[in-house]
Amino acid sequence: MDAAAKPPLVRALWGATHPGPTLVVTVLSLALGLAAGVEPGRLALLVIAVFAGQVSVGLSNDAIDGARDAAVGRSDKPIAGGAITPERALGVAVASALLAVLLSVPLGPGLVAAHAVALASAWAYNAGLKSTPVSIVPFVLSFGLFPSFATLSLASPALAAPWASLAGATLGAAVHLTNVVRDLDDDRRTGVRGLPHRLGARVSVVLAAVGVVAGAVAVLIGTDATVLGAIFFTAVVAVAATAVVLVLVRAPGRAVFQLTMLAALLLAAQLVVT
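In this text, all values refer to a predicted model and were calculated from it rather than measured experimentally.

## Comments concerning empty space enclosed by the protein
- As enumerated under the stated definition, the model contains one cavity of 30 Å³ or more in all.
- When its volume is computed, the largest cavity comes out at roughly 30 Å³.
- What lines the largest cavity is Leu28, Leu32, Phe143, Phe146, Pro147, Gly168, Leu171 and Leu271.
- Elements that contribute at least two residues to the lining of the largest cavity include exactly helix H2 (19-36), helix H7 (137-152) and helix H8 (162-179).
- The class makeup of the residues in the lining of the largest cavity is seven nonpolar, one polar and no charged.

Right, dumping it as C-alpha cells:
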C-alpha cells in the first residue's frame, strides 16, 4: 500500500481488532455486570479489562492470519492490506492481553484466573486450534466462562449459575459454527480446516441453531419465569427455526448467517434480562 494512502496507526490497529465482535462482547460484559449488581467502580474495571482482552484477541487473530488474508485478497483488513505490520499488531496484542489481566487483579483472583483462561483459550484458537477438529473448544470454554466474569467481580465473588454457563457455552459454539461459514472457501484455500469446514456449511448452521435453542431452554428452566424472559425465549426459537428451514431448503447464504447470528444475540439478551 502506498504510504500516502495508509490510514493513521490507531485507526489501522482498531480496524484489525475485529471492532464489531469486540464492541459486542464489551457491551455484553457491561450488561451482565449491571444485571449482577456489580458496583460502579468494579464494573468500570471489568468492562475496560474485557475491552482490552478483546482487542488482544482480535489483533492476534489478524496478525497471525495476515499472510493467509493477503493470499485470498482480503485487502479490507489493515494487516493484509499493508496498513500495519503483523509484528506491530502482535506487539500491541500482547500488551493488551497483559493489560486485561492486570486490570482484573483488583477484582480478585477468581476473575484473574477466569479471564486468563479465556484469553489463553482464544489465543490458542488463533495460533492453530482453528485448523483442527476441536476448533470449537476455545469458543465453548471462553464463552462458558464469560457469565462468571460479572459474578466473580462482585465484592463476594462466585461462579455464575450452571444454566448461565451452559447458555454462554452454547452461544460460543453458535458464534463459531456460524461465523466461519462466511469464510469456508477462503479458509480451505489457505489450509484452514476446523470443525465447521469438516461438517460443511449446512450442518454447521443447523448445529448452531440447535445449540442456541438449547441455551435458551437452559436459561428458561434455570430462572424464574417472567413475561420478558418468555418473549426472548420465543424469539430465539422462532429465529433459529427460520434459519434451519432456510438452510434445509436452499444453499446457505447471507440471510441464513444473519438469522443465526440474530438468534445468538437474542440468546445473549435473554441471558442478560433474566
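There's plenty left to go through after this.
## Things to note about the pattern of salt bridges
- Applying the stated criterion to the full structure yields three salt bridges.
- Close ionic contact of lysine 77 with aspartate 62 constitutes a salt bridge, the shortest N to O distance being 3.5 Å. With lysine 77 in the loop between helix H4 (66-71) and helix H5 (86-104) and aspartate 62 in helix H3 (residues 40-64), the pair connects residues that are 15 residues apart, well separated along the chain. Of the two residues examined, lysine 77 and aspartate 62, each falls in the buried class.
- What emerges from the salt-bridge pattern is a single network uniting Asp65, Arg68 and Lys130.

## Notes on helix H12 (residues 227-249)
- Taking 1.5 Å of rise per residue, 23 residues should cover 33 Å, and H12 covers 33 Å from first to last C-alpha, within 8% of that figure.
- Buried within H12 are the following residues: Gly229, Phe232, Phe233, Val236, Val239, Ala240, Ala243, Val244, Leu246 and Val247.
- Buried residues along H12 sit against helix H11 (201-222) and helix H13 (254-273).

Each value, and the rule that gives it
Residues numbered from 1 in each chain as written. Predicted model: local features only at pLDDT ≥ 70, side-chain atom pairs only at ≥ 80, totals over all residues. Heavy atoms only, no water. 1 Å grid on protein atoms, 1.4 Å probe; cavity = no way out; pocket = protein on both sides within 12 Å on 5 of 7 lines; lining within 4 Å. Points joined across faces, edges and corners; volume = space filled by probe spheres on them. Helix = DSSP H or I, 4+ residues; strand = E, 2+ residues; numbered from the N terminus. Nonpolar A, V, L, I, M, F, W, Y, C, P; charged D, E, K, R; others polar. Salt bridge = Lys/Arg side-chain N within 4 Å of Asp/Glu carboxyl O. Buried < 20%, exposed > 50% of the residue type's maximum accessible area, 1.4 Å probe, protein only. Expected span 1.5 Å × (residues − 1). Contact = heavy atoms within 4.5 Å.

On their own, these measurements won't tell you what the molecule is for.
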